[in-house]
Amino acid sequence: MEDTTRTILMVDDEENILSSLQRLLRRENYNVITNASPEKALEILKHEPVSLIISDQRMPEMDGTEFLEKARQIQPEAIRIILTGYADISAAMAAINQGQVYRFITKPWNDLDLKANIKQAIDFYHLRKENQRLFELTVQQNTELKELNENLERKVEERTQEIARLYKELQSSYFKTIRIFMDLMQMYDPALGGHAKRVAVLSRLLAEKCELQGEELDVVEAAGSLHDIGLIGIPREIIRKKGSGRTAAEEALYRQHPALGYAILNSVPKLDQVSILVKSHHEWFDGAGYPDRLKKEEIPLGARIIAVADVYDHLSVRRDISREDVLHRLHKLAGAELDPSVVSAAIEVFSAIKTADRAEVAVTLADLRPDMVLARELKTHTGRLLMPKDAVLKEAYLEKIKRFHEIDPIVGWIYVYR
Ligand SMILES: [Fe+2]
Ligand SMILES: [Fe+2]
């Protein structure tokens, strides 16, 4: 609050000087207190706040500079003026220089000058008080602002953690749903379950090679896991027969599995994108596939990727085909059944999946280094297949494996070739 104090304390041993000063200021809006004794004046200062102290220099009890110094110790904020005769100017100057006194006024004074000096001194007192008040206000507001910022930061941090928790929950329910469907396939036909897991991993590797990013990679991987989910609606005997061994009616039934898979997954929250890829995984690049006879870029890239991984896996599990032949056959299908650009990417990626006959060694996650080759499948605690056997561990995969480990831990040893 603004300080409106306008009290002046005047000290002079000569009563007539005090009277004339009082008379001078009678019409001014000041509260004037006078006292002829410096000692008594000091007592008054102990309980009466004043804005200005005017003191005579030459007094019998103590001189003015000494009195004002003592007054300063009681009320440091009050402005101090000394009244002095010409003979004592040097003492008054010294007091000013030491900062004890605001200014001095010589006796006899000019009334107008004295009034102007008193007004200035009172104004100076209020200005200084106001500055002090504003300074304290700024300090206080800065402190409040700092607290506000800290609270805000804490709230943002709390919200971020909450969002991260919800996201993790959502992610885990997403993975759980996929896991349930994969279990269903595994129970229905173990060979189908194994195929699904391998195609998921191969599809992701291929999708990375085709420079898909972020969530697109997850969608392709999930669609790779679930691409044949529709087969759980087809009798096992028909599934196990090779294409040429099925009757026309059986083949027609078998060919319904992409659309069946689409129907199963499309109604599941967050799996709508996955369902679209599942529906198109048997479309051919040249338009001769099913169910919609899509061709080239009409087929979603994710589905073209899964198609290559699917064919690769079917060929790889056959004992009658050498590894080189698998890649050769893949190459021959480019442009007809398969997308040539995805096949080129696949030949590069799958060539790096080495078959090794070296002895295996058990290591921990922390021991894994780039270019190590997995001697066994790498799975998480819940059975999620992260990398197939014989995969070469690239630095980027190691990072991903560590991230998966935080959500779905890898328990026990990891087997790599020596
Ligand atoms: Fe299929
Ligand atoms: Fe398949």
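Residues numbered from 1 in each chain as written. Chains lettered and ligands numbered in written order. Predicted model: local features only at pLDDT ≥ 70, side-chain atom pairs only at ≥ 80, totals over all residues. Heavy atoms only, no water.

## A closer look at a nonpolar patch on the surface
Here's step 1: Where nonpolar side chains cluster on the molecular surface, the patch consists of I180, L184 and M187 and spans about 320 Å² of accessible area.
Here's step 2: Residue placement: I180 occurs in helix α5 (residues 111-188). (Patch = residues over 30% accessible without salt bridge, like charges linked within 9 Å, V, L, I, M, F, W, Y side chains within 5 Å. Areas by Shrake-Rupley, 256 points an atom, 1.4 Å probe, with all protein chains shown as cover. Salt bridge = Lys/Arg side-chain N within 4 Å of Asp/Glu carboxyl O. Helix = DSSP H or I, 4+ residues; strand = E, 2+ residues; numbered from the N terminus.)

## A short note on the coordination of the iron ion (ligand 2)
Here's step 1: Bound to the iron ion (ligand 2) on the protein side are H195 (NE2), H227 (NE2), D228 (OD) and D310 (OD), at distances that span 2.1 to 2.3 Å.
Here's step 2: Around the iron ion (ligand 2), the 4 donor atoms sit at angles spanning 74 to 170°, and that spread fits a shape best called irregular.
Here's step 3: Written as a sequence motif, the donor arrangement for the iron ion (ligand 2) is H-x31-H-D-x81-D.
Here's step 4: In this structure, the iron ion (ligand 2) lies 3.5 Å away from the iron ion (ligand 1), the two metals sharing D228 as a donor. On the criterion of sequence distance, the pair formed by D228 in the loop between α7 (214-226) and α8 (236-240) and D310 in helix α12 (residues 301-316) is long-range, its members being 82 residues apart. For the pair formed by D228 and D310, the shared burial category is buried. (Donors = N, O, S within 2.8 Å, 3.2 Å for Na, K, Ca; no water. Tetrahedral: all angles 85-135°; square planar, octahedral: opposite > 155°, others 65-115°. Buried < 20%, exposed > 50% of the residue type's maximum accessible area, 1.4 Å probe, protein only.)

## Some words on the coordination of the iron ion (ligand 1)
Here's step 1: Surrounding the iron ion (ligand 1) are the protein donor atoms D228 (OD), H257 (NE2), H281 (NE2) and H282 (NE2), at 2.1 to 2.3 Å.
Here's step 2: For the iron ion (ligand 1), the single-chain donor residues occur in sequence as D-x28-H-x23-H-H.
Here's step 3: Note on H282: relative accessible area 14%, which makes it buried.

## Observations regarding unusual backbone geometry
Here's step 1: A cis amide bond links K107 with the next residue in sequence, P108, at an omega value of -5°.
Here's step 2: Mapped onto the fold, P108 is located in the loop between β5 (103-106) and α5.
Here's step 3: The phi torsion at K296 lies on the positive side, around 45°, for a residue other than glycine.
Here's step 4: On the secondary structure map, K296 appears in the loop between α11 (272-279) and α12.
Here's step 5: A relative accessible area of 46% places K296 in the partly exposed class.

## Considering the nonpolar core
Here's step 1: Ranked by internal contacts, the top residues of the largest apolar core, which has 71 residues, are L206, L226, L271, V274, L330, F350 and M387.
Here's step 2: Residues from two domains meet in this core; each of domain 2 (189-351) and domain 3 (356-418) gives at least three.
Here's step 3: Not counting residues within four places of it along the chain, the set of residues in contact with L226 comprises I178, F181, M182, M185, L265, L271, V274 and V278.
Here's step 4: Membership of the second largest hydrophobic core comes to 21 residues, among which are I17, V32, L83 and L114. (Core = buried A, V, L, I, M, F, W, Y, C linked by side-chain atoms within 4.5 Å. Domains from an automatic or database assignment. Contact = heavy atoms within 4.5 Å.)

## Let's talk about a negative patch on the surface
Here's step 1: On the surface, D13, E14, E15, E39 and E61 cluster together into a patch of negative charge.
Here's step 2: In this fold, D13 is placed in the loop between β1 (7-11) and α1 (15-25). (Lys, Arg positive; Asp, Glu negative; His and termini not counted. Charge placed at Lys NZ, Arg CZ, Asp CG, Glu CD.)

## A short note on the packing of aromatic side chains
Here's step 1: The full count for this structure, using the stated rule, is 4 aromatic pairs.
Here's step 2: Arranged with centres 5.1 Å apart and planes meeting at 20°, the rings of Y102 and F124 form a pair that is stacked. Placement of Y102 in the loop between α4 (89-97) and β5 and of F124 in helix α5 is noted, with a sequence separation of 22 residues between them.
Here's step 3: Take Y102: its relative accessible area is 26%, and that puts it in the partly exposed class.
Here's step 4: According to the relative accessible area criterion, F124 is partly exposed, its value standing at 32%.
Here's step 5: We note R236 situated over the ring of Y188; from NZ or CZ to the ring centre the distance is 4.3 Å.
Here's step 6: Between K270 and the ring centre of Y174, over which it is positioned, the NZ or CZ distance is 4.6 Å. (Phe/Tyr/Trp six-rings, centres within 6.5 Å; stacked < 30°, edge-to-face > 60°. Lys NZ or Arg CZ within 6 Å of the ring centre and 35° of its normal.)

## Thoughts on the environment of H331
Here's step 1: By secondary structure assignment, the location of H331 is in helix α13 (residues 323-333).
Here's step 2: Counting along the chain gives 16 residues from H331 to I347, while the straight-line C-alpha distance between them is 7.9 Å.
Here's step 3: Every residue in contact with H331, bar those within four places of it in the chain, is listed here: V343 and I347.

Everything listed here is a matter of geometry and, on its own, says nothing about what the molecule does.
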